[in-house]
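# What the coordinates show
The lines below spell out each chain.
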Amino acid sequence: MTTGVRARYGAVVFDVDSTLSGIEGIDWLAARRGEPLATNIRVLTEQAMAGAIPLEAVYARRLELIRPTRDEIRELSQAYLDAVLPGARALCASLLLAGCNIAMLSGGLREAILPLAHHVGIDDEDVHAVDINFDADGNYAGLRGSQPLATQQGKPIVLHALRDELERPVVMVGDGATDAAVRGVTDAFIAFTGVVRRAAVVAVADAEAASFGALRTLLLGGAQ
């Protein structure tokens, strides 16, 4: 079913942390471990998202330091839902009604962000994130094999693999350097700055949106 509103893109791919939701999941987990670990993890996250260091230099290291349990991942799921940004769910619904494909592409933990995907109307098969293992007692047991989204160039790699599944033109919406890395694979990149504004990311974006209201204007045209 489509409405009189026209989607400017065939597919919209959303980042999750600091885009659809106002938290950084890894920092939320680190906060449960107290100081000084929480601050150290937060600094590493910001350096990676600003492009100062490659994501693969810190990704596995952060998880090994935190060692999240399965129960904590479930609690993180609720934290993502509690911090969903105003207008996110409504925009996703409008995009779907306009006939647009929507997907999530995240360096976050897939198990933690699936409930958020369901909340905004994104199907499980359109959620691309990082899978981790747990042992029989629910303790962290490492990454589940090769996880491209745990690397700096993971998002363009995954999007390139999905090129035949996504309707063109494709736009990526995100806040970090790993999102900006998709330029050249997608048709456009919008820097979302409603949670944090990173000048280096905005500098290479095709457009900037500081809210989901502004993002709506960029993604949806007028009546047909």
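Reading the values: the criteria
- All residue numbers here refer to positions counted from 1 along the written sequence of the relevant chain.
- The model is predicted, so local features are restricted to residues of pLDDT at least 70 and side-chain atom pairs to those at 80 or more, both for listing and for counting; the totals for chains, interfaces and linings are taken over all residues.
- Note: side-chain values were computed over all heavy atoms of the structure, leaving out hydrogens and water.
- Here, strands pair whenever DSSP counts at least two bridges between them.
- Segments assigned H or I by DSSP are reported as helices when at least four residues long, segments assigned E as strands when at least two residues long, and all are numbered from the N terminus.
- For helices, the fitted line uses only the C-alpha atoms of the stretch in contact; every axis is such a line through C-alpha atoms, and the angle between N-to-C directions lies from 0 to 180 degrees.
- Think of it in three bands: residues with accessible area under 20% of the maximum for their type are buried, residues over 50% are exposed, and the middle band is partly exposed, with areas taken using a 1.4 Å probe on protein chains only.
- Throughout, a disulfide means two cysteine sulfur atoms within 2.5 Å of one another.
- Take the buried residues of types Ala, Val, Leu, Ile, Met, Phe, Trp, Tyr and Cys, join any two whose side-chain atoms come within 4.5 Å, and each joined set is a nonpolar core.
- We call two residues in contact whenever any of their non-hydrogen atoms come within 4.5 Å of each other.
- In this analysis, the expected span of each helix is defined as 1.5 Å times one less than the number of residues it contains.
- In this context, the arc is that of the directions from the helix axis out to the C-beta atoms.
- Pairs were defined over the aromatic rings of Phe, Tyr and Trp, the Trp ring being its six-membered one, requiring ring centres within 6.5 Å. Orientation was assigned from the angle between planes: stacked under 30 degrees, edge-to-face over 60, tilted for the rest.
- Charge-over-ring placement is defined geometrically: NZ (Lys) or CZ (Arg) within 6 Å of the ring centre, and within 35 degrees of the ring normal.
- An angle below 35 degrees is read as roughly parallel, one above 145 as roughly antiparallel, one from 65 to 115 as roughly perpendicular, and any other as oblique.
- Note on convention: near helix rotated counterclockwise from far helix by under a right angle means a left-handed crossing. Clockwise means right-handed.
- Residues are grouped as follows: nonpolar covers Ala, Val, Leu, Ile, Met, Phe, Trp, Tyr, Cys and Pro; charged covers Asp, Glu, Lys and Arg; every other residue, Gly included, is treated as polar.
- Salt bridges, as used here, are contacts in which a Lys or Arg side-chain nitrogen is within 4 Å of a carboxyl oxygen on Asp or Glu.

Judged by pairing direction, the sheet is parallel, and its 6 strands sit side by side in the order β4-β3-β2-β7-β8-β9 without closing on themselves. At either end of the open sheet lies a strand with only one pairing partner, and these are β4 (127-130) and β9 (207-209). For this sheet, the mean inter-axis angle between neighbouring strands, taken without regard to orientation, is 20 degrees. Here strand β2 (residues 11-14) runs beside strand β3 (residues 101-109); their pairing, made up of 4 bridges, is parallel.

In this model, Glu-35 is joined to Pro-36 through a cis peptide bond whose omega is 5 degrees. Here Pro-36 shows up in the loop between α1 (25-31) and α2 (37-49). At the junction of Arg-168 and Pro-169, the peptide bond is cis and its omega measures out at -5 degrees in the coordinates. Within the secondary structure, Pro-169 is located in the loop between α7 (154-161) and β7 (170-174). A positive phi is found at Ser-18, a non-glycine position, where the angle reads about 60 degrees. Owing to a relative accessible area of 4%, Ser-18 belongs among the buried residues under this scheme. Residues other than glycine seldom take positive phi values, yet Arg-67 does so here, at roughly 50 degrees. Its place among the elements puts Arg-67 in the loop between α3 (59-66) and α4 (70-82). With a relative accessible area of 39%, Arg-67 lands in the partly exposed category.

Next up on the list: the state of the cysteines. Under the definition given, this model contains 0 disulfides. The closest cysteine sulfur to the non-disulfide-bonded Cys-92 is located on Cys-100, 9.5 Å from its own sulfur.

To continue, consider the nonpolar core. When a protein is soluble and globular, its nonpolar side chains tend to lie buried together. In this structure, Val-12, Phe-14, Met-104, Leu-215 and Leu-219 are the most contacted members of the largest nonpolar core, which totals 75 residues. Excluding residues that lie within four positions of it along the chain, Leu-219 makes contacts with Arg-6, Ala-7, Arg-8, Tyr-9, Val-12, Phe-14, Leu-91, Leu-95, Val-171 and Ile-190.

What follows concerns α2. Over its 13 residues, α2 extends 18 Å from the first C-alpha to the last, a length consistent with the 18 Å expected when each residue adds 1.5 Å. For α2, the complete set of buried residues consists of Leu-37, Ala-38, Ile-41, Leu-44, Thr-45, Ala-48 and Met-49. Projection of α2 onto a plane perpendicular to its axis shows the buried side chains occupying an angular sector of 130 degrees, all on one side. Packing partners of the buried residues in α2 comprise α1, α3, α8 (177-180) and α9 (199-203). Just beyond α2, the residue with positive phi is Gly-51, at close to 85 degrees.

Here we take up the packing of aromatic side chains. According to the stated counting rule, one finds 2 aromatic pairs in the structure shown. Seen in terms of ring centroids, Phe-192 and Phe-212 are 5.0 Å apart; in terms of plane orientation they differ by 50 degrees. Their pairing is tilted. With Phe-192 in strand β8 (residues 188-192) and Phe-212 in helix α10 (residues 212-219), this residue pair connects regions lying 20 residues apart in the sequence. Using a relative accessible area of 1% as the deciding quantity, one classes Phe-192 as buried. Three or more aromatic residues joined by ring pairs make a cluster, and in this case those are Phe-14, Phe-192 and Phe-212. Above the plane of the ring of Tyr-59 lies Arg-62, whose end atom (NZ or CZ) is 5.3 Å from the centre.

Relative to each other, helix α5 (residues 88-97) and α10 sit at 15 degrees, their axes nearing to 9 Å. When the interaxial angle is binned, α5 and α10 end up roughly parallel. The hand of the α5/α10 crossing is right-handed. From α5, Ala-88, Ala-90, Leu-91, Ser-94 and Leu-95 reach across to α10, where they touch Phe-212, Leu-215, Arg-216 and Leu-219. Partitioning the contact of α5 with α10 into residue classes produces 7 nonpolar, 1 polar and 1 charged.

A separate point is the pattern of salt bridges. Throughout the structure, instances matching the rule amount to 13 salt bridges. In this structure, Arg-33 engages Glu-72 in a salt bridge whose closest nitrogen and oxygen atoms are separated by 2.8 Å. Separated by 39 residues along the polypeptide, Arg-33 in the loop between α1 and α2 and Glu-72 in helix α4 bring together distant segments of the chain. Arg-33 sits in the partly exposed class, given a relative accessible area of 31%. The class of Glu-72 is buried, set by a relative accessible area of 10%. Of the charged contacts, one joins Arg-168 and Asp-187 as a salt bridge, the two residues approaching to 3.0 Å between their closest N and O atoms. One end of the pair, Arg-168, is in the loop between α7 and β7; the other, Asp-187, is in the loop between α8 and β8, and 19 residues separate them in sequence. Looking at Arg-168, the relative accessible area reads 45%, which means it is partly exposed. Taken together, the salt bridges that share partners define one network made up of Arg-32, Arg-33, Glu-72 and Glu-75.

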